[in-house]
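Secondary and tertiary structure notes
Listed below, chain by chain, are the residues.
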Amino acid sequence: MQGNQQTVSSRQLIALMILFEFGTAIVVHIGLASNHATWLSVLLAIPGALLLYSVYLYLHQQYPELIVSAYIRKIVGPILAWPISLFILAYFIYNASRNLREAGDLLIASAYDETPLFIINATMVLVMIYVLGKGIEVICRLAQVYVYVIIILGIFGLLAVFFSGEVELSNIFPINGGSWQNVVKTAYPSILLFPFGELFAFSTVLPHLKDKKKAGKTGMVAILFSGFVLSLTQAVQLLVLGDSIYIRSTFSLLTMISVVNIANFLQRLDAIVMLTLIICVFFKMSLYSYAIMAIWGDLFRIHTLAKLAAPVGIVVLFMSIFSAWSFPEHVSEGQTSSMLMLFIVTVALPLLLLLVHLAKKTFRQLREAGHND
């Protein structure tokens, strides 16, 4: 199988994980209910994210050469594994399409208001299909380059915001948004699930890691870095926009960068936000699509994953168009059905697999001890 022959380094995997975590989360509000202290909620969600990743890591370490659908068969048997794997497959398709839809809607809202959504989304999907046809190794190599592009864009944008004089430190107070309970509720489960829980998709990539011993360190570094950057991004948006505008803005990062004006010369930096979104969504959508291809190939014994790139891309494209008739409907789905599916796939299912694996392992050890006696 093509995917099994390709390997990625820990640095490449860290870069891909960081871009994946940024995705749309760096541009849109994260948390079921945006609040004054979202930046603090992100920080509070990091310990839970590290703990959740340790569950993914343990399952990977028990079956280091197998992707998620393959080790599910080992744990629960082929009869139960098929519907579970198909559910994961459906969730990955839906989430890839959601990311594509959000990118298209932002581009239309910011600059391409007369361009059909289908054309914008199709353009991104065509590029994605080409890259997916080259395999996971090429995707990771690209990520290693573009993560530096994102860091440079972020530093430039941050400096522009501070030098514009629009930052008002009083906007961040009260630091807890008036309710610590609200801060914790936003962190758990909302931000824990999105974006941190979505790392479950990497259960199809970890078997390709050259040095399997670095899988734990790689994921934890990516979670810490992306978590702190997302928190900083949300905090700066609050400092510039103030509580009222920050909460009501659909694309708060775009709103923030639009107010930058340095000496009436450096302004209209919307391109930074659009380029950031396009890059991050491209890699997140591509990783989800690769996960779809890997599970699809495993379930139906397709040995050349490149053959699946075009079908997966087409499905994701049309799903992004027809999953919701408007952006408000898209957001509403994200707050209800999408979060429920996210919880089932990224938290409930891995924990259930962990418990079943531990129970089988314990039973096997007890049986072996009984035979020895």
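The text that follows walks through the structure, step by step, so that each part is easy to find.

Definitions and limits used
- Residues numbered from 1 in each chain as written.
- Predicted model: local features only at pLDDT ≥ 70, side-chain atom pairs only at ≥ 80, totals over all residues.
- Heavy atoms only, no water.
- Helix = DSSP H or I, 4+ residues; strand = E, 2+ residues; numbered from the N terminus.
- Rg over C-alpha atoms; globule rule 2.2 N^0.38 Å.
- Buried < 20%, exposed > 50% of the residue type's maximum accessible area, 1.4 Å probe, protein only.
- Contact = heavy atoms within 4.5 Å.
- Axes fitted to C-alpha atoms, helices over the stretch in contact; angles between N-to-C directions.
- Parallel < 35°, antiparallel > 145°, perpendicular 65-115°, else oblique.
- Left-handed = near helix turned anticlockwise from the far one by under 90°.
- Salt bridge = Lys/Arg side-chain N within 4 Å of Asp/Glu carboxyl O.

Now for the overall build of the protein chain. Scanning the protein chain from N- to C-terminus turns up 14 helices and two strands. Here the C-alpha atoms of the protein chain give a radius of gyration of 21 Å, agreeing with the 21 Å that 2.2 N^0.38 yields for 373 residues. Principal-axis analysis of the C-alpha atoms gives the protein chain an extent of 80 × 45 × 35 Å. Across the 373 residues in the protein chain, those meeting the buried criterion constitute 54%. Counted over contacts in the protein chain with a minimum sequence separation of 6, partners at least 24 positions apart contribute 84%.

The next point concerns the packing of helix H6 (residues 117-132) against helix H12 (residues 309-322). Where H6 contacts H12, the two axes come as close as 9 Å, and the packing angle between them is 155 degrees. Relative to H12, the element H6 is oriented roughly antiparallel. Here H6 and H12 pass one another in a crossing that is right-handed. Two secondary-structure elements touch here, H6 through Leu117, Phe118, Asn121, Ala122, Val125, Met128, Ile129 and Leu132 and H12 through Ala309, Ala310, Gly313, Leu317, Phe318, Ser320 and Ile321.

What follows deals with the pattern of salt bridges. Counted under the stated rule, the structure contains six salt bridges. Lysine 212 serves as the salt-bridge partner of glutamate 65, at 3.9 Å between the closest nitrogen and oxygen. Remark: lysine 212 occurs in the loop between helix H8 (180-193) and helix H9 (215-248) and glutamate 65 occurs in the loop between helix H3 (38-62) and helix H4 (68-76); sequence separation between them is 147 residues. Relative accessible area serves as the criterion here: at 55%, glutamate 65 is assigned to the exposed category. Linking arginine 98 and glutamate 102 is a salt bridge whose minimum nitrogen-to-oxygen distance equals 3.7 Å. Here arginine 98 pairs with glutamate 102, and both are found in helix H5 (residues 78-110), just four residues apart, close to one helical turn. Considered together, arginine 98 and glutamate 102 belong to a single accessibility category, that of buried residues.

A separate point is the side chain of asparagine 121. With respect to the secondary-structure elements, asparagine 121 resides in helix H6. Assessed through its relative accessible area of 0%, asparagine 121 is described here as buried. When sequence neighbours within four positions are dropped, the list of residues in contact with asparagine 121 reads Leu100, Arg101, Gly104, Leu317, Ser320 and Ile321.

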